[in-house]
Amino acid sequence: MRITLLHTAEAHPARFDRIRDRIAPDTTLNHIVRPRWLQRAEDGGGAALEEEIAGVVARAQGPVLCTCTTLGPVAESAGAMRVDWPMMRAAAREQGPVLMAFCLESTYVPSLALLERALAEEGTPQKVYPLPMPQYWPLFEAGETDAFDAVIAGEVRQAVAAQGDVAAVVLAQASMAGAAARLEDLGVPVLSSPELALRAALDVVRG
């Protein structure tokens, strides 16, 4: 079995390999890492970027999973799976207000649109509380993952306590997944995308 993953951060292949080793060790993951794609998307993207992504998706063997939330809409239009779609569907099934945490401003619009699509499909429109944390993104870029996870977990914990009616938390970017382990005692589901997305891609491979 083979799955191609499109990344915009060097940290992601190891994260997904660890999940693969645990849940599907016989699966080959073909990692394509393009940090410049995120920068280009934040600068406005355009037809050239869309054509480049579409070409990579077209040449790939098996399903393609895009792990960058910002690039999700473009990748989806090219035929790739979006890393956050299974997570958003899981959040919608909780049937209550959702806290959506994110660290890149360019993530907000595509993440919110996808969550609202999932809520509409579930037939249960809900409040969405945005929790932007752009001040912490430099920690991830610097490879300070423990500090990154810790501050995200702390902010989420405070936000859930302040809102009082949160039914689910979504960590909108795959890079934020490590914070979930620090929030297991929160009392509401804290959803991250990598494992849910990889399991969805495996379902496609297995038919």
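Rules used in this analysis
Residues numbered from 1 in each chain as written. Predicted model: local features only at pLDDT ≥ 70, side-chain atom pairs only at ≥ 80, totals over all residues. Heavy atoms only, no water. Helix = DSSP H or I, 4+ residues; strand = E, 2+ residues; numbered from the N terminus. Contact = heavy atoms within 4.5 Å. Axes fitted to C-alpha atoms, helices over the stretch in contact; angles between N-to-C directions. Parallel < 35°, antiparallel > 145°, perpendicular 65-115°, else oblique. Left-handed = near helix turned anticlockwise from the far one by under 90°. Nonpolar A, V, L, I, M, F, W, Y, C, P; charged D, E, K, R; others polar. Salt bridge = Lys/Arg side-chain N within 4 Å of Asp/Glu carboxyl O. Buried < 20%, exposed > 50% of the residue type's maximum accessible area, 1.4 Å probe, protein only. Pairing = 2+ DSSP bridges. Expected span 1.5 Å × (residues − 1). Arc of directions from axis to C-beta. Phe/Tyr/Trp six-rings, centres within 6.5 Å; stacked < 30°, edge-to-face > 60°. Lys NZ or Arg CZ within 6 Å of the ring centre and 35° of its normal.

A.B. asks: Explain the environment of Pro97 to me, please; I cannot follow it from the model alone.
C.D. replies: Mapped onto the fold, Pro97 is located in the loop between α5 (85–92) and β5 (98–102). Linking Pro97 and Leu131, residues 34 residues apart in sequence, is a C-alpha distance of 13 Å. Not counting residues within four places of it along the chain, the set of residues in contact with Pro97 comprises Gln126, Lys127, Tyr129, Asp165, Val166, Ala167 and Ala168.

A.B. asks: Explain the packing of α5 against helix α6 (residues 105–122) here, please?
C.D. replies: Angle between the axes and distance between the axes: these two values describe a pair of packed helices. α6 packs onto α5 with a crossing angle of 50° between their chain directions and a minimal axis gap of 8 Å. The angle between α5 and α6 places the two elements in the oblique class. Of the two possible hands of crossing, α5 and α6 adopt the one that is right-handed. Touching Trp85, Met88, Arg89, Ala91 and Ala92 of α5 are Ser111, Leu114, Leu115, Arg117, Ala118, Leu119, Glu121 and Glu122, all from α6. Class assignment for the residues of the contact of α5 with α6 results in eight nonpolar, one polar and four charged.

A.B. asks: Even after reading the chapter, I still don't get the pattern of salt bridges, so can you show me in this structure?
C.D. replies: Under the criterion given, the structure shown has eight salt bridges. Close ionic contact of Asp21 with Arg20 constitutes a salt bridge, the shortest N to O distance being 2.7 Å. Asp21 gets classed as partly exposed once you look at its relative accessible area, which sits at 46%. Classification of Arg20 as buried rests on a relative accessible area of 15%. As a salt-bridge pair, Glu195 and Arg199 come within 2.9 Å of each other at their nearest N and O atoms. In this pair, Glu195 and Arg199 both sit in helix α9 (residues 193–206), four residues apart, roughly one turn of the helix. Given the relative accessible area of 25%, Glu195 is considered partly exposed.

A.B. asks: Looking at this model, I keep getting lost on the environment of Ala172. Mind explaining?
C.D. replies: Structurally, Ala172 is set in the loop between β7 (168–171) and β8 (190–191). Look at Ala172 and you get buried, because its relative accessible area is 0%. Discounting chain neighbours no more than four positions away, the residues touching Ala172 are Thr69, Asp84, Met87, Met100, Ala101, Phe102, Thr107 and Ser111.

A.B. asks: Sorry, what's going on with the sheet that holds β5 here?
C.D. replies: Strands belonging to one sheet form pairs held by backbone hydrogen bonds; the direction of such a pair is parallel or antiparallel. Read from one edge of the open sheet, four strands run β6-β5-β7-β8, paired in parallel fashion. Two strands in the sheet have a free side with no partner beyond their single neighbour: β6 (128–132) and β8. Two elements, β5 and β6, share five bridges in a ladder whose sense is parallel. Note that in β6 the partner of Ala101 across the bridge is Leu131. The sheet contacts of α5 involve β5, β7 and β8, and relative to β7 the element is tilted by about 170°. Sitting on the sheet, α6 touches β5 and β6, and the angle it makes with β5 is about 155°.

A.B. asks: What am I meant to see in helix α8 (residues 145–163) here?
C.D. replies: Owing to its 3.6 residues per turn, the α-helix brings residues three or four apart onto one side. For α8, which comprises 19 residues, the first-to-last C-alpha distance of 27 Å matches the rise-based estimate of 27 Å (1.5 Å per residue) to within 8%. By the burial criterion, the buried members of α8 are Phe148, Asp149, Ile152, Ala153, Val156, Ala159 and Val160. Taken around the axis of α8, the buried residues stretch over an arc of 135°, which confines them to a single face. With respect to the buried face of α8, the exposed residues turned more than 90 degrees away are Asp146, Gln158, Ala161 and Ala162. Within two residues after α8, Gly164 carries a phi angle of roughly 85°, on the positive side.

A.B. asks: Would you mind going over the packing of aromatic side chains with me for this structure?
C.D. replies: In this structure the tally under the stated criterion is four aromatic pairs. Their ring planes at 45° and their centres at 5.4 Å tell us that Phe140 and Phe148 sit as a pair that is tilted. Among the residues examined, Phe140 registers a relative accessible area of 8% and is labelled buried. The rings of Trp137, Phe140 and Phe148 are connected pair by pair, giving a single aromatic cluster. Looking at Arg117, its charged tip hangs above the ring of Trp85, at a distance of 5.1 Å from the centre.

So, to be careful, I would describe these as geometric facts and stop short of saying anything about function.
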